[in-house]
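# Breakdown of the fold
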Protein chains: 2
Amino acid sequence: MAPRSISRAAEAGPRIATAHDVARLAGVSQSAVSRAFTAGASISPETRDKVAEAARKLGYRPNLVARSLITRRSHVIGVAMAYLENQFYPRALEALSQAFSTRGYQVMLFTGKPGASSDPMLEEMLRHKVDALVMASASLSSRFDVECQNAGIPVVLMNRRTESRSISSITSDNRQGGALIAAFLAAGGHRHLAFMAGSENSSTSQDREEGFTHALAAHGLGTPRRVVGLYDFDQAAAAMRSLLSAPERPDAVFCANDHMALAAINVARAEFGLEVGREISIVGFDDAGPAAWPVFGLTTYAQPLRAMVEEVVAATCARLSDPTSQAVRTIVPGWLAVRSSARLPPVGLTVRDGLTTWMPPEV
Amino acid sequence: MAPRSISRAAEAGPRIATAHDVARLAGVSQSAVSRAFTAGASISPETRDKVAEAARKLGYRPNLVARSLITRRSHVIGVAMAYLENQFYPRALEALSQAFSTRGYQVMLFTGKPGASSDPMLEEMLRHKVDALVMASASLSSRFDVECQNAGIPVVLMNRRTESRSISSITSDNRQGGALIAAFLAAGGHRHLAFMAGSENSSTSQDREEGFTHALAAHGLGTPRRVVGLYDFDQAAAAMRSLLSAPERPDAVFCANDHMALAAINVARAEFGLEVGREISIVGFDDAGPAAWPVFGLTTYAQPLRAMVEEVVAATCARLSDPTSQAVRTIVPGWLAVRSSARLPPVGLTVRDGLTTWMPPEV
DNA sequence: CTGAAAGCGCTAACAT
DNA sequence: ATGTTAGCGCTTTCAG
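Everything numeric in this text was worked out from a predicted model, so none of it was measured.

Neighbouring residues of DNA strand C: 26 residues in total, closest A19 and S34 of chain A together with R35, T47 and R72 of chain B. Here the atoms of DNA strand C within 4 Å of the protein split so that 62% fall in sugar or phosphate, with bases taking the remainder. Q30 of chain A is positioned with one of its side-chain polar atoms (N or O) 3.3 Å from a base oxygen of DNA strand C. The residue makeup of the surface near DNA strand C, split by class, is ten nonpolar, eleven polar and five charged.

This next bit is on the packing of helix α8 (residues 174-187) of chain B against helix α9 (residues 203-218) of chain B. Between two packed helices, the angle of one axis relative to the other and the distance separating the axes together describe the packing. Residues and elements named next belong to chain B. Their axes nearest at 7 Å, the elements α8 and α9 cross at an angle of 40 degrees. Taken together, the axes of α8 and α9 are oblique relative to one another. Here the hand of the crossing between α8 and α9 comes out right-handed. Contacts between α8 and α9 involve N174, R175, G178, A179, I181, A182 and L185 on the former and, on the latter, T204, D207, R208, E210, G211, F212, H214, A215 and L216.

Positioned with a positive phi, D286 of chain A is a non-glycine residue whose angle comes to about 140 degrees. For D286 of chain A, the location among the structural elements is in strand β9 (residues 281-286). Taking the relative accessible area as the measure of exposure, D286 of chain A reaches 2% and is therefore buried. For H75 of chain B, which is not glycine, the phi torsion reads 60 degrees and is therefore positive. Summarising the element assignment, H75 of chain B is placed in the loop between α4 (64-71) and β1 (76-80).

The next subject is the packing of aromatic side chains. Scanning all chains against the criterion turns up 27 aromatic pairs over all chains. Measuring from ring centre to ring centre gives 6.3 Å for F100 of chain A and Y105 of chain A, while their planes differ by 75 degrees; the resulting arrangement is edge-to-face. In terms of burial, F100 of chain A and Y105 of chain A fall into one category: buried. In textbook terms, an aromatic cluster arises when at least three aromatic residues are bridged by ring pairs, as seen for F233, W293 and F296 of chain A together with F233, W293 and F296 of chain B. Note that R208 of chain A overlies the ring of F285 of chain A, its terminal NZ or CZ placed 3.7 Å from the centroid.

Looking now at the relation of the copies chain B and chain A. Between chain B and chain A, the superposition needs a rotation of 180 degrees and an axial shift of 0.0 Å, giving an RMSD of 0.0 Å. Each copy turns onto its partner about a two-fold axis. Relative to the rotation axis, the closest C-alpha in chain B is found at M108 of chain B, a distance of 2.1 Å. Here 100% of the contact residues of chain B are again contact residues in chain A; the copies associate through an equivalent surface.

So, about the UniProt feature "domain: HTH lacI-type" (unreviewed entry) in chain A. Per the UniProt record, "domain: HTH lacI-type" (unreviewed entry) is found at residues 17-71 of chain A. Taken end to end, residues 17-71 of chain A has its terminal C-alpha atoms 21 Å apart, with 67% of it in helix and 0% in strand.

It is worth spelling out the pairing of strand β8 (residues 252-255) of chain B at this point. All names here are of chain B. On β8, burial covers both faces: A252 and F254 on one face and V253 and C255 on the other are all buried. Bridge count for strand β6 (residues 193-197) against β8 is four bridges, and the pairing is parallel. Bridged to A194 within β8 is V253. With three bridges connecting them, β8 and strand β9 (residues 281-286) associate as parallel partners. In the sheet register, A252 faces β9, and the bridge partner there is S281. You can see the chain leave β8, run along helix α11 (residues 258-271) and come back into β9, and the turn it takes is right-handed.

Moving on, we get to α9 of chain B. Residues and elements named next belong to chain B. Spanning 16 residues, α9 covers 22 Å between terminal C-alpha atoms, matching the ideal 22 Å at 1.5 Å per step. Where α9 is concerned, the buried positions are S203, T204, S205, D207, R208, E209, G211, F212, T213, A215 and L216. Tucked inside the fold, the buried residues of α9 contact α8, β6, β7 (225-228), β8 and β9. Trailing α9 by a residue or two, G220 shows a phi angle of about 70 degrees, which is positive.

Here we come to the domain arrangement of chain A. According to the domain assignment, chain A consists of domain 1 (8-60), domain 2 (74-172 + 305-334) and domain 3 (174-303 + 336-358). If you average the C-alpha positions of domain 1 of chain A and of domain 3 of chain A, the two centres end up 61 Å apart.

Bringing the interface of chain B and chain A into the picture now. With 53 residues of chain B at the interface, the matching set in chain A holds 54 residues. By the criterion of area lost to chain A, the three top residues of chain B are R61, R127 and W293 of chain B, representing 14% of everything that side buries. Our enumeration of links across chain B and chain A arrives at four salt bridges. Listing elements by their share of the side of chain B that touches chain A, those giving two or more residues are α4, α5 (88-102), β2 (106-110), α6 (119-127), α7 (142-151) and α11 of chain B. Of the residues forming the side of chain B that touches chain A, the biggest block, eight residues, is contributed by α5 of chain B.

Thresholds applied
Residues numbered from 1 in each chain as written. Chains lettered and ligands numbered in written order. Predicted model: local features only at pLDDT ≥ 70, side-chain atom pairs only at ≥ 80, totals over all residues. Heavy atoms only, no water. Near = heavy atom within 4 Å. Polar contact = N/O pair within 3.5 Å; in protein donor to acceptor, adjacent residues only side chain to side chain. Nonpolar A, V, L, I, M, F, W, Y, C, P; charged D, E, K, R; others polar. Axes fitted to C-alpha atoms, helices over the stretch in contact; angles between N-to-C directions. Helix = DSSP H or I, 4+ residues; strand = E, 2+ residues; numbered from the N terminus. Parallel < 35°, antiparallel > 145°, perpendicular 65-115°, else oblique. Left-handed = near helix turned anticlockwise from the far one by under 90°. Contact = heavy atoms within 4.5 Å. Buried < 20%, exposed > 50% of the residue type's maximum accessible area, 1.4 Å probe, protein only. Phe/Tyr/Trp six-rings, centres within 6.5 Å; stacked < 30°, edge-to-face > 60°. Lys NZ or Arg CZ within 6 Å of the ring centre and 35° of its normal. Least-squares fit on C-alpha atoms with pLDDT ≥ 70 in both. UniProt positions renumbered as here; feature names shortened; annotations may be inferred. Pairing = 2+ DSSP bridges. Right-handed = clockwise from strand over helix to strand, strands pointing away. Expected span 1.5 Å × (residues − 1). Domains from an automatic or database assignment. Buried area = accessible area lost by both parts, 1.4 Å probe. Salt bridge = Lys/Arg side-chain N within 4 Å of Asp/Glu carboxyl O.

What follows is the structure, encoded as structure tokens:
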């Protein structure tokens with residue numbers, strides 16, 4: 001029998017070292033070990049070194065599960081996100097994960113079953129004791145609100161908003177973006193406008209539409225023709241098809257996001273042989289990756305992804321460190337990325353760092 | 001003093017109910033509550049009902065953190081994934097998350113800092129006590145292997161393989177896919193072939209290249225010209241540029257994945273005015289979302305995403321339920337999705353369900 | 001079938 | 001600065 005096998009259970013392989021094991025080897029108490037791994041704990045350098053040495057030998061790593069049981073902080077953020085075929089979201093997810101991990105949080109992903117309610121997802125999040133929730137898609141039931149408030153976990157919405165006073169939201173300026181696009185299209189001399197909506201219950205789509213429609217009216221261009229793409233590629237393609245098959249074809253269509261705008265370009269070009277940007281103008285919203293690809297050259301309202309993510313993380317951490325703090329409703333300004341998918345207005349274009357944008361001429 | 005406030009701490013809001021609270025209200029022991037929430041535990045229907053009722057009243061939810069401390073199962077799977085701008089990965093992630101949640105597991109996402117080693121990521125995964133790891137990108141250091149083995153947590157690679165005997169991997173048939181593409185291109189009458197590699201240390205890129213190159217030689221087409229796109233859109237674009245600027249232009253290029261192939265199409269069409277599929281053939285690998293978009297019509301070796309994900313989940317769960325089981329090395333067959341980006345061979349095409357594929361004529 | 005009691009690995013008073 | 005003690009909320013023997 002090996003001399004050091006005191007009371008090791010007859011398991012396969014060496015047990016995972018605990019703080020006790022480290023304490024024994026270092027000749028200190030278990031709490032000393034805990035302190036050695038706690039930033040700012042009062043411990044002498046010698047003890048810390050002894051512990052570090054023993055820990056290294058044993059390959060010890062603090063068990064975060066045990067820690068969170070007592071500190072009541074799991075350092076895990078639940079992120080609800082579906083619809084990852086829309087390039088905007090994977091980028092957002094990656095950025096969120098990186099930003100949170102910088103602050104010591106990990107992201108637990110909740111995608112939800114395709115058509116299901118968000119309630120089972122909420123249930124899982126709550127059981128797993130996530131410290132906070134960031135929701136970047138899925139529409140939340142009203143239960144969500146109260147359950148999270150009861151559980152005392154902050155909820156931050158990204159790219160959507162809600163009426164609830166207790167839920168923070170970070171969006172870009174959807175209304176202003178819609179209005180800017182209306183002005184841009186009007187300045188470009190378009191007369192027959194169309195709008196392609198996302199989901200009817202999406203605040204984001206609503207805001208963009210409102211901004212667009214109101215500004216259009218202000219420019220004396222009446223009400224745009226309206227189709228619904230449900231944020232889905234195939235649905236958007238179908239919607240575009242109906243738009244282009246109608247007797248009076250629009251000369252410009254604003255799609256509530258890039259994913260649908262890309263579908264629209266595909267249909268216009270491949271099925272109707274239209275030269276996008278000359279025979280028809282298509283504008284999107286997001287500035288997701290493929291928008292900038294040369295074959296698309298999609299003119300779109302650019303949502304500042306990094307800035308939005310920073311705000312999300314800031315809002316989350318703020319409520320985490322002070323639970324009594326108010327929910328915020330942050331609107332991050334974006335800008336119009338002008339490329340080739342829409343006819344250009346004669347004036348107002350600016351180029352900086354190789355990027356072209358447009359601002360309405362001063363009134 | 002309210003009659004029922006026995007010893008509640010003077011906190012804000014109602015405390016989150018624990019099994020003890022439920023037990024008290026139901027008039028049973030705390031272990032009875034535990035049993036009521038454990039499938040297959042021996043408990044009478046009456047007790048179960050009493051507990052359920054009390055739990056409902058209190059909004060009780062078992063605390064998974066506490067549970068996992070004692071069961072040593074967190075029911076959390078760590079998924080390491082970066083490079084989400086390649087559409088294949090977000091889809092994979094979504095599918096993984098759904099498949100795992102069906103089996104009672106949640107996914108914790110690890111993206112890693114852009115250029116950093118995978119070691120700090122590993123550290124976090126271990127501290128969080130994930131039950132298993134699935135790695136869909138990032139190259140793992142050798143430490144990874146031994147650390148995970150020590151910690152007793154299974155590692156499953158998706159879309160890459162490794163030499164280690166203890167690590168499972170699920171890939172599609174990269175070699176065969178490369179070979180099939182070579183045969184397809186040869187049959188299409190192409191003479192000047194080129195290959196665009198991903199990362200040099202990527203087993204996936206290597207396998208695809210090997211299959212391609214060997215088959216090409218067998219068809220008497222010599223060694224293809226070789227460029228490196230590093231799986232990156234801009235790098236791939238640059239590589240394509242150099243290919244098309246060279247004195248002898250290739251008439252077909254096989255890119256190690258769709259993301260690069262899409263970049264190649266962009267450059268060929270937008271910068272060189274080439275009609276892709278007639279003046280030059282471009283073939284990819286993955287069949288990621290945009291490949292099927294009409295404007296691209298990318299001919300590509302389709303990796304069966306759902307099947308691969310099912311295999312990943314199966315391999316993970318197998319090792320979880322029997323830690324002594326062997327690591328597997330599964331190769332899932334794919335098929336050639338023939339579209340318009342490459343010139344068609346005169347024979348061998350088959351259409352089924354609106355999808356076109358190609359098989360080499362029998363020898 | 002049920003309750004009492006012993007911990008899972010750790011942090012946080014509280015003494016010293 | 002350090003050790004002792006008491007749990008965090010739960011599962012799991014072990015008696016009965």
